[in-house]
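Structure assessment
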Amino acid sequence: MEASQIANLLRAIAELVESEPQVAKAVEKCLANSLNAHKSKDSSDVKQKQPNPSKTLENGDIILAECRQILREQGEEQLRLYLTELGEQVRELLKHGQLDPNRSIRRRKDLSNIIEHIIQKLQAQDKSGKLLAASISKT
């Protein structure tokens with residue numbers, strides 16, 4: 001269909017809508033339903049396009065694994081910077097990996113104290129893992 005044919009069709013529909021109130025109501029209802037369906041599709045697309053699930057704290061164990069890797073490869077200072085970037089989410093991170101079994105650390109107001117606690121726990125876990133690996137390799 002060419003552009004002129006589409007324009008003629010739209011003019012004919014417009015004339016019919018103007019002359020027949022029932023047709024106008026039907027077209028209006030159809031357009032409203034179409035717009036509502038389009039909006040609901042867009043909102044579902046937005047939900048699917050949320051941040052990378054590996055970076056959300058629903059997958060805190062993955063973020064915790066990243067923290068361990070940063071600690072081993074880049075050191076304590078880089079891990080501190082990474083945790084600082086997480087901001088308030090570090091409180092949620094405490095729920096994973098047995099970092100706060102008594103739930104007392106996440107209640108602290110100062111994020112730097114929480115970050116220091118996480119670093120100390122990760123270092124201790126890393127050290128105990130190396131000790132376990134060394135004891136297994138000796139047998």
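Anyway, here's the lowdown on the structure attached to this text. (Residues numbered from 1 in each chain as written. Predicted model: local features only at pLDDT ≥ 70, side-chain atom pairs only at ≥ 80, totals over all residues. Heavy atoms only, no water.)

**Quick notes on the overall build of the protein chain**
Tallying secondary structure elements over the protein chain gives six helices and zero strands in all. Reading the protein chain from its N terminus to its C terminus gives the helix and strand order α-α-α-α-α-α. Counting all 139 residues of the protein chain, 22% fall into the buried class. Expressed as a percentage of contacts within the protein chain between residues at least 6 apart in sequence, the contacts between residues at least 24 apart total 46%. Here the protein chain displays about 10,500 Å² of accessible surface, and carbon together with sulfur accounts for 54% of that area. (Helix = DSSP H or I, 4+ residues; strand = E, 2+ residues; numbered from the N terminus. Buried < 20%, exposed > 50% of the residue type's maximum accessible area, 1.4 Å probe, protein only. Contact = heavy atoms within 4.5 Å. Areas by Shrake-Rupley, 256 points an atom, 1.4 Å probe, with all protein chains shown as cover.)

**Looking at a nonpolar patch on the surface**
Nonpolar side chains collect at one region of the surface, where Met1, Ile6, Leu9, Leu10 and Ile13 lie side by side and expose about 510 Å² of accessible area between them. In this structure, Ile6 sits in helix α1 (residues 3-19). Given the relative accessible area of 38%, Ile6 is considered partly exposed. (Patch = residues over 30% accessible without salt bridge, like charges linked within 9 Å, V, L, I, M, F, W, Y side chains within 5 Å. Salt bridge = Lys/Arg side-chain N within 4 Å of Asp/Glu carboxyl O.)

**A short note on the environment of Gln120**
Here Gln120 lies in helix α6 (residues 111-138). Residue Gln120 is classed as exposed on the basis of its relative accessible area of 52%. Taking the C-alpha atoms as reference points, Gln120 and Glu76, 44 residues apart in sequence, are found 9.5 Å from one another.

**Section: the nonpolar core**
The tendency in soluble globular proteins is for nonpolar side chains to be buried as a group. Grouped together as the largest cluster of nonpolar side chains are 19 residues, with contacts concentrated most on Cys67, Leu79, Tyr82, Leu83, Leu93, Ile118 and Leu122. Listing elements by their share of this core, those giving two or more residues are α3 (60-73), α4 (76-86), α5 (89-93) and α6. Ignoring any residue separated from it by four or fewer positions in sequence, one finds Ile118 in contact with Leu83, Val90, Leu93, Leu94 and Leu99. (Core = buried A, V, L, I, M, F, W, Y, C linked by side-chain atoms within 4.5 Å.)

Keep in mind these values describe shape, not function.
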